[in-house]
Amino acid sequence: MSLDNPHDPDRQIGEIFQKLSALRVACGEAALTRCVSAVLVTLGASAMAEAERRARALAEPAGARPRDVRVTAWAQRKDSEPFDESIGPS
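What you see is a predicted model, and the numbers here were worked out from it, not measured in a lab.

Draft legend 1. Just the overall build of the protein chain, in detail. Helix and strand counts for the protein chain stand at 2 helices and 0 strands. Looking at the protein chain residue by residue over its 90 residues, the buried ones come to 7%. With the model as given, the accessible surface of the protein chain reaches about 8,400 Å², and the carbon-plus-sulfur share is 59%.

This is the structure in structure tokens:
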């Protein structure tokens, strides 16, 4: 944690608490309650956006791995993938 870095998350959280505390003194409990509610709504929206970003990243295909099983629908098979009659139905 570096107090010299303005983008340090710990420092930014401290600034939020300092500003909320100053708001309580300057404007009273009602203003503090409204601002805390707005901060919580913004925090929730930001957390949801981050969760959706992570979900999109996980949903993107990472490419085939050497041990992955490849399945091709019958209608999409090419001549290079002939049907193996020895497997047939049981």
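Draft legend 2. Focus on the packing of helix α1 (residues 9-27) against helix α2 (residues 29-59). Relative to each other, α1 and α2 sit at 145°, their axes nearing to 7 Å. Of the residues in α2, those touching α1 at Leu 20, Leu 23, Arg 24 and Cys 27 are Glu 29, Ala 31, Leu 32, Cys 35 and Val 36.

Draft legend 3. Expanded view of the state of the cysteines. For the structure shown, the criterion picks out 0 disulfides. There is no disulfide at Cys 35, and the cysteine sulfur nearest it, in Cys 27, is 7.5 Å away.

Draft legend 4. The arrangement of a nonpolar patch on the surface in detail. A grouping of Val 36, Leu 40 and Leu 43 is seen on the molecular surface, where their side chains present a nonpolar patch of about 270 Å² in accessible area. Examined against the element boundaries, Leu 40 turns out to sit in helix α2.

Rules of the game
Residues numbered from 1 in each chain as written. Predicted model: local features only at pLDDT ≥ 70, side-chain atom pairs only at ≥ 80, totals over all residues. Heavy atoms only, no water. Helix = DSSP H or I, 4+ residues; strand = E, 2+ residues; numbered from the N terminus. Buried < 20%, exposed > 50% of the residue type's maximum accessible area, 1.4 Å probe, protein only. Areas by Shrake-Rupley, 256 points an atom, 1.4 Å probe, with all protein chains shown as cover. Axes fitted to C-alpha atoms, helices over the stretch in contact; angles between N-to-C directions. Contact = heavy atoms within 4.5 Å. Disulfide = S-S within 2.5 Å. Patch = residues over 30% accessible without salt bridge, like charges linked within 9 Å, V, L, I, M, F, W, Y side chains within 5 Å. Salt bridge = Lys/Arg side-chain N within 4 Å of Asp/Glu carboxyl O.

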